[in-house]
Amino acid sequence: MDVGIKKLSENRMLSYRKAEIADLAEVIALNHFDGKPICPESIADDQGITYSYNHYKDCFDGMLEHHSGAFHIYINLSRLKERDTARARYTFAHELGHYFIDEHRNSLKNGRTPSHPSFNGLVAKNPVEREADFFASCLLMPSKVFRKQCFSRPLDARLIDDLAKYFQTSVSSVIFRYFELNLFPMMIVMSKNGLIEWKMVSEDFKYKYLPAKGAPVPKTSAVGEYFATGKQYTDQQPMFPDDWFKDFNIEHNEQIREKCYYLSNTTVLSVVWKHEKRMR
Ligand SMILES: [Zn+2]
């Protein structure tokens, strides 16, 4: 999976700006959607944007360049390996964001920025990069289609995998898109070397007494087990809310689920949600 997790929990984009970018990307995506994964190349073709996939050392993942009215996108295979990977698709969509978002394109045209070299997954990103990332996520996973794919399916690891296959995006970008669209209350926790780096929590998440940033991961959680013993789970784990939370109003029959994504030896992304018994 894509290890390029962005630190979305900090420096949030203003909501009106987000809504503008989401609307822009959604219109373009739905114009190109034909039941198959969105193809960033065909969107570029329609706009007369040329592109090349090549080896450009370690200089960037993708770049949008402007020369006297013409735009060109470079995708760096030295870093992204192959052209049809989730990361290469995401990078291409990100560069399209620099083209379609008026302020980005205009600053390039006016020479205020020489070009837009972009890197996937850096922790500290400037607002321009965050906007292009958000555009990419909305373009590759249009909300209307995403919601339809989730319809009447509970949140679980299989749904996340199915969405990643359907949209040909990374599992991590699916998780953030799911969170962004607020489809089911959840918590996303990034931990490193046994400590909590950051977390994102849905507003209507039932539990309120959450482990703090910088605190050790709870010992009895699946991620806690990983850092204590190295044990990795391929599937989501059933557990009790007090494995993670210190809330007082937990009922004895409540359960939660935790799915761990082991991004590296030292970094784990946990997705945690309350288990709901299915209605019949
Ligand atoms: Zn960029």
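A few points on the structure. Just so you know, these numbers come straight off a predicted model, no measurement behind them.

Cut-offs applied
Residues numbered from 1 in each chain as written. Predicted model: local features only at pLDDT ≥ 70, side-chain atom pairs only at ≥ 80, totals over all residues. Heavy atoms only, no water. Helix = DSSP H or I, 4+ residues; strand = E, 2+ residues; numbered from the N terminus. Contact = heavy atoms within 4.5 Å. Pairing = 2+ DSSP bridges. Phe/Tyr/Trp six-rings, centres within 6.5 Å; stacked < 30°, edge-to-face > 60°. Buried < 20%, exposed > 50% of the residue type's maximum accessible area, 1.4 Å probe, protein only. Axes fitted to C-alpha atoms, helices over the stretch in contact; angles between N-to-C directions. Polar contact = N/O pair within 3.5 Å; in protein donor to acceptor, adjacent residues only side chain to side chain. Salt bridge = Lys/Arg side-chain N within 4 Å of Asp/Glu carboxyl O.

### Considering the environment of V174
Structurally, V174 can be placed in helix α9 (residues 171–180). When the C-alpha atoms of V174 and L80 are compared, they prove to be 19 Å apart, with 94 residues separating the residues in sequence. Contact partners of V174, with chain neighbours within four places excluded, come to M141, F146, I160, L163, A164 and T169.

### Focus on the environment of F134
Tracing the sequence through the fold places F134 in helix α6 (residues 127–140). Considered as a pair, F134 and A22 are 112 residues apart in the sequence and their alpha carbons are 7.7 Å apart. Ignoring sequence-local partners within four residues, the contact set of F134 consists of M13, K18, I21, A22 and E180.

### What about the pairing of strand β2 (residues 62–67)?
Put simply, side chains in a regular strand alternate between the two faces of the sheet. Bridge count for β2 against strand β3 (residues 70–76) is six bridges, and the pairing is antiparallel. Bridge pairing links H66 to F71 in β3. Connecting the antiparallel pair β2 and β3 is a turn made up of two residues, with S68 showing a positive phi of about 35°.

### Considerations on the packing of aromatic side chains
Under the criterion given, the structure shown has 19 aromatic pairs. An angle of 75° between the planes, with centres 5.6 Å apart, marks the rings of F205 and F245 as edge-to-face. Here F205, found in the loop between β6 (195–201) and α10 (222–229), pairs with F245, found in the loop between β7 (237–239) and β8 (256–262); they are 40 residues apart in sequence, far enough to count as distant. The exposure classification of F205 matches that of F245, with both residues buried.

### Digging into the sheet that holds strand β5 (residues 187–192)
Pairing within the open sheet is antiparallel, and its five strands lie in the order β6-β5-β9-β8-β7. What marks the edges here is a single partner per strand, and that holds for β6 and β7. Across the sheet, the mean angle separating the axes of adjacent strands is 25° when strand polarity is ignored. As judged from the seven bridges shared by β8 and strand β9 (residues 267–274), these two strands associate in the antiparallel manner. When the bridges of β9 are listed, I256 appears paired with K274. Of the strands in this sheet, β5, β6, β8 and β9 are in contact with α9, which crosses β6 at around 45°.

### Considering α9
Among the ten residues of α9, nine are classified as buried, and the element is accordingly described as predominantly covered. What α9 keeps buried is the set V171, S172, S173, V174, I175, F176, R177, Y178 and F179. Just downstream of α9 lies N182, where phi reads positive at about 55°.

### Concerning the side chain of S221
The topology assignment puts S221 in the loop between β6 and α10. According to the relative accessible area criterion, S221 is buried, its value standing at 1%. A polar side-chain atom of S221 sits 2.6 Å from the main-chain carbonyl oxygen of P218. With residues near it in sequence (within four places) discarded, S221 still touches M239, D243, W244 and E258.

### Side note on the environment of F227
Mapped onto the elements, F227 comes out in helix α10. A sequence separation of 161 residues divides F227 from H66, and the C-alpha atoms of the two residues are 47 Å apart. With residues near it in sequence (within four places) discarded, F227 still touches S191, K192, N193, G194, V217, N265, T266 and V268.

### A few points about the pattern of salt bridges
Side-chain pairing between opposite charges can occur once the charged atoms of the two side chains come close. All chains considered together, the criterion is met by 13 salt bridges. Here K18 and E180 are joined by a salt bridge, their closest N and O atoms 3.1 Å apart. With K18 in helix α1 (residues 15–32) and E180 in helix α9, the pair connects residues that are 162 residues apart, well separated along the chain. Across the pair D61 and R87 runs a salt bridge whose closest N-O atoms are separated by 3.6 Å.

These figures come from the coordinates and say nothing about function on their own.
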